[in-house]
Amino acid sequence: MTSTDVVTAQDLRLMQGLAQQVTATRPELINSDASLGELAWNWGRNHASDGESWRRRLWFSGDDLVAWGWAQLPRTVRFNDGSVKDVTDAYLAYQIHPDHAGLIDEVIEWYDATATNLEKSVSPSAADEFALSRWAAHGYDTDPGALGDTGSWTQLNERHLTDVERPELPHGFRFLTADEAGPEAAVKAHLDAWGRSTYTIEGYRGVRQTTPYRGDLHLLVEAPDGTMASSAIMWLDELNRTAEFEPVGTHPQYRRQGLARAILLRGMLLARDAGANHMTVACLGAPGHPAARELYYSVGFTELARDAPLIKPAEG
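Since this is a predicted model, take the numbers as computed values, not measurements. (Residues numbered from 1 in each chain as written. Predicted model: local features only at pLDDT ≥ 70, side-chain atom pairs only at ≥ 80, totals over all residues. Heavy atoms only, no water.)

1. Looking at the UniProt feature "domain: N-acetyltransferase" (unreviewed entry) in the protein chain
So, step 1. Under the present numbering, the feature "domain: N-acetyltransferase" (unreviewed entry) in UniProt falls on residues 173-315.
So, step 2. As annotated, residues 173-315 has a helix share of 34% and a strand share of 30%, and its two end C-alpha atoms lie 55 Å apart. (UniProt positions renumbered as here; feature names shortened; annotations may be inferred. Helix = DSSP H or I, 4+ residues; strand = E, 2+ residues; numbered from the N terminus.)

2. Some details on the packing of helix H3 (residues 104-114) against helix H4 (residues 129-137)
So, step 1. Interaxial distance between H3 and H4 falls to 10 Å at its minimum, and their mutual angle equals 40°. If you check the angle between H3 and H4, you find them oblique. Here H3 runs over H4; the crossing is right-handed. For the pair H3 and H4, contact is made by Ile104, Asp105, Ile108 and Tyr111 and by Phe130, Ala131, Arg134 and Trp135, respectively. (Axes fitted to C-alpha atoms, helices over the stretch in contact; angles between N-to-C directions. Parallel < 35°, antiparallel > 145°, perpendicular 65-115°, else oblique. Left-handed = near helix turned anticlockwise from the far one by under 90°. Contact = heavy atoms within 4.5 Å.)

3. Examining unusual backbone geometry
So, step 1. The step from Thr211 to Pro212 runs through a cis peptide bond, and the omega angle for that step is 5°.
So, step 2. Take Pro212: it is sitting in the loop between helix H7 (201-208) and strand E11 (218-222).
So, step 3. Here the bond from Glu246 into Pro247 is cis, since omega is -5°, no more than 30 degrees from zero.
So, step 4. Mapped onto the elements of the fold, Pro247 is located in strand E13 (residues 242-250).
So, step 5. Notably, Asp33 is not glycine yet its phi reads approximately 75°, a positive angle.
So, step 6. With respect to the secondary-structure elements, Asp33 resides in the loop between helix H1 (9-25) and helix H2 (36-50).
So, step 7. A relative accessible area of 18% places Asp33 in the buried class. (Buried < 20%, exposed > 50% of the residue type's maximum accessible area, 1.4 Å probe, protein only.)

4. Considering the environment of Leu191
So, step 1. Tracing the backbone shows Leu191 in helix H6 (residues 183-194).
So, step 2. Considered as a pair, Leu191 and Leu219 are 28 residues apart in the sequence and their alpha carbons are 15 Å apart.
So, step 3. Those residues within four positions of Leu191 in sequence are excluded, and the remaining contacts are Asn80, Ser197 and Tyr199.

5. Regarding the side chain of Gln95
So, step 1. Tracing the sequence through the fold places Gln95 in strand E6 (residues 90-96).
So, step 2. Of the residues examined, Gln95 reaches a relative accessible area of 2% and is grouped as buried.
So, step 3. From its side chain, Gln95 meets the backbone oxygen of Leu29 in a polar contact 3.0 Å long.
So, step 4. Polar side-chain contacts of Gln95 include one of 2.9 Å to the backbone nitrogen of Asn31.
So, step 5. When sequence neighbours within four positions are dropped, the list of residues in contact with Gln95 reads Leu18, Val22, Leu29, Ile30, Asn31, Ala34, Val66, Ala67 and Trp68. (Polar contact = N/O pair within 3.5 Å; in protein donor to acceptor, adjacent residues only side chain to side chain.)

6. What to know about H6
So, step 1. Over its 12 residues, H6 extends 17 Å from the first C-alpha to the last, a length consistent with the 16 Å expected when each residue adds 1.5 Å.
So, step 2. Regarding H6, the residues found buried are Ala185, Ala186, Val187, Ala189, His190 and Ala193.
So, step 3. Among the structural elements, H2, helix H5 (178-181), H7, E11, strand E12 (228-237) and E13 are those in contact with the buried residues of H6. (Expected span 1.5 Å × (residues − 1).)

7. Some words on the sheet that holds strand E14 (residues 278-284)
So, step 1. Pairing is mixed across the open sheet formed by seven strands, whose spatial order is E10-E11-E12-E13-E14-E9-E15. In this open sheet, the two strands that pair with only one neighbour each are strand E10 (174-177) and strand E15 (302-306). The sheet shows a mean angle of 30° between the axes of neighbouring strands, direction not considered.
So, step 2. As defined by bridge partners, E13 adjoins E14 across four bridges and the pair is classed as parallel. In the sheet register, Ala243 faces E14, and the bridge partner there is Met279. (Pairing = 2+ DSSP bridges.)

Structure below.
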């Protein structure tokens, strides 16, 4: 059984359920944008502004979701600085249960039909050799731009939550949760860290409505002058007793003071207190983007999986 429409909150929960199933058995096969927390973050912050440009298809075996595709089609993106960007290509997020790997051809055919006459990109797991062979058979090639020294491919990192160091903050700084700091502070912390962004109070409202967002697992560092200097959200998967950082960022004026390291350590302790025994975080993996990767390695993370970005030119 299949269905197709835009991505709803109910769809999101089903998709997250499949992420939990894959995480439990084959975590290296979780595709970029298909983890429990990544789905919540991307849907929550963008569904109000971009939802009309989304298309999805769900594949069921009986009542169980076994595959999904989420096509993001051309749209106009509006940034917090007033600038706009016209996105003219298509991107696919997707996930297939390992026991139903043969559905990959249906996913590809649906994507090709949905994004016809557009340049199309997708980022399967590099560990999914069968899927990679099928994408190639349908005309998708390695994206050289994404895989360059400053490319945009990501890697997923993991660590167990044993022997987590106690965090140390510089004098005058303190930890707050988003529940304590409030929505405006939480959004400003993200905007200050990431610069040009589409994030808004409305987007944060959407994030708060997703499962499993918890304001007590959304951590901030407040500077002595009241600036929210660093922030991180932890997404707890109670079924698998794992948690995911997404996103993590620090205000440019407060970098190289140990704040990011401290917030990661504090976040892991909070996640462990909430029931997690394992943690993941994604980052850019290309050689030209070492900062985040080295930060995560410094607090005990090691690589679990990585993307294999693919691209197919527009027909004609």
